[in-house]
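Spelled out, the chains give:
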Amino acid sequence: MTGAPASAAGGPSQAGASGTAGASGAESGAKSARSGKIVAAAVNEASLWNIANLLTMLRLLLVPGFVALMLADGGYDPAWRSFAWAAFAVAMITDLFDGHLARTYNLVTDFGKIADPIADKAIMGAALICLSSLGDLPWWVTGVILGRELGITLLRFVVIRYGVIPASRGGKLKTLTQGIAVGMYILALTGWLATARFWVMAVAVALTVATGLDYVRQAIVLRRQGIAEREAALEETEA
């Protein structure tokens, strides 16, 4: 009597079952990968709406509101100027907290990296331009401060291939002094307070120029170091 071994007799069905199981496993793996991507995308989308980014968005939204309050009723009404000062103060306070929260609680996002410096310069630029257009602040002061801010921002992008220029204590002091000085000019101050704000603004301008020159020095040093490191790496490769 001639017969095939049991393993041979069941071979095709077992192979078919194995193929079906393999296909099911592959399909399950593909579904899991797709699910993982969807979850990751949802997490990234959710991270955009963290508290640090919300504060940055608030600061951006305050800019047009601040301008409207600042220029209301001709721009010289003390009550409207007080409301404008309140909007400016809120914007400056959120500037102190959003970056700290992002770094402390790992909430740094690409949106925050781009929007935060834009929001900072937008509220400060709006305040300076409004004050100069109303005749409360010389245009050269506005030009020096805004020119420095834009120039340093461009400089950071130019040297970013060699490294990052860290924020200095002088830069933070400059930002604080600018905020206080501009805030004092927004308010309709008289008497000795009007005189005091002139000197506070003078200190702010001096710090603006000094820290700007320091950033230029750091950028030059960083670029030289980066070029030297690249040349050394090329020499090692060639050797």
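These numbers come from a predicted model, not from an experiment. (Residues numbered from 1 in each chain as written. Predicted model: local features only at pLDDT ≥ 70, side-chain atom pairs only at ≥ 80, totals over all residues. Heavy atoms only, no water.)

(A) Region of the structure containing the nonpolar core. Ranked by size, the top nonpolar core spans 27 residues in total, and within it F66, M70, F88, V182, I186 and M201 carry the most contacts. It is helix α5 (residues 110-133) that provides the largest number of residues to this core, a total of 7 residues. Those residues within four positions of F66 in sequence are excluded, and the remaining contacts are A84, A87, F88, I123, A126, A127 and I186. Membership of the second largest hydrophobic core comes to 7 residues, among which are I152, I165, Y215 and L222. (Core = buried A, V, L, I, M, F, W, Y, C linked by side-chain atoms within 4.5 Å. Buried < 20%, exposed > 50% of the residue type's maximum accessible area, 1.4 Å probe, protein only. Helix = DSSP H or I, 4+ residues; strand = E, 2+ residues; numbered from the N terminus. Contact = heavy atoms within 4.5 Å.)

(B) A look at the side chain of K174. Relative to the elements of secondary structure, K174 occurs in helix α7 (residues 169-186). Given the relative accessible area of 5%, K174 is considered buried. Once you skip the residues sitting within four places of it in the chain, K174 turns out to touch R148, E149, L207, T208 and T211.

(C) Fine view of the packing of aromatic side chains. Tallied over the entire structure, the rule returns 3 aromatic pairs. Taking 5.2 Å as the distance between ring centres and 80° as the angle between the ring planes, the aromatic pair formed by F198 and W199 counts as edge-to-face. Its guanidinium or amino end placed over the ring of Y185, R197 lies 4.6 Å from that ring's centre, counting from NZ or CZ. (Phe/Tyr/Trp six-rings, centres within 6.5 Å; stacked < 30°, edge-to-face > 60°. Lys NZ or Arg CZ within 6 Å of the ring centre and 35° of its normal.)

(D) Molecular detail of the pattern of salt bridges. Taken as a whole and judged by the stated rule, the model has 7 salt bridges. Close ionic contact of D136 with R81 constitutes a salt bridge, the shortest N to O distance being 2.8 Å. Placement of the pair is D136 in the loop between α5 and α6 (139-159) and R81 in helix α4 (residues 78-104), with a sequence separation of 55 residues. Judged by its relative accessible area of 24%, D136 falls in the partly exposed class. Here the residues in one salt-bridge network are R59, D95, D116 and D120, joined through shared partners. (Salt bridge = Lys/Arg side-chain N within 4 Å of Asp/Glu carboxyl O.)

(E) Spatial organisation of the confidence of the model for the chain. Residue-level pLDDT values for the chain average 82, and 80% of them are 70 or greater. In this model residues 12-23 is a low-confidence stretch, pLDDT under 50, and it forms 0 contacts with partners more than four residues away in sequence or in other chains. Every residue in residues 36-46 is under pLDDT 50, and counting partners more than four places away or in other chains gives 0 contacts. (pLDDT = per-residue confidence, 0-100.)

(F) Structural context of the side chain of T177. Within the secondary structure layout, T177 lies in helix α7. Taking the relative accessible area as the measure of exposure, T177 reaches 11% and is therefore buried. One polar contact links the side chain of T177 to the main-chain carbonyl oxygen of L173, over a distance of 2.7 Å. Residues contacting T177, with those up to four places away along its chain left out, are V200, V203, A204 and L207. (Polar contact = N/O pair within 3.5 Å; in protein donor to acceptor, adjacent residues only side chain to side chain.)

(G) Up close: a nonpolar patch on the surface. Judged by side-chain polarity, W49, I51 and L54 come together as a nonpolar surface patch covering roughly 310 Å² of accessible area. The topology assignment puts L54 in helix α3 (residues 51-71). (Patch = residues over 30% accessible without salt bridge, like charges linked within 9 Å, V, L, I, M, F, W, Y side chains within 5 Å. Areas by Shrake-Rupley, 256 points an atom, 1.4 Å probe, with all protein chains shown as cover.)

(H) A look at the packing of α5 against α6. The N-to-C vectors of α5 and α6 enclose an angle of 160°; their axes lie 9 Å apart at closest approach. Classified by the interaxial angle, the pair formed by α5 and α6 is roughly antiparallel. Regarding α5 and α6, the two cross each other, and that crossing is left-handed. Mapping the contact onto sequence places K121, G125, L128, I129, S132 and S133 in α5 and W139, T142, I145, L146, E149 and T153 in α6. In the contact of α5 with α6, the residues fall into 5 nonpolar, 5 polar and 2 charged. (Axes fitted to C-alpha atoms, helices over the stretch in contact; angles between N-to-C directions. Parallel < 35°, antiparallel > 145°, perpendicular 65-115°, else oblique. Left-handed = near helix turned anticlockwise from the far one by under 90°. Nonpolar A, V, L, I, M, F, W, Y, C, P; charged D, E, K, R; others polar.)

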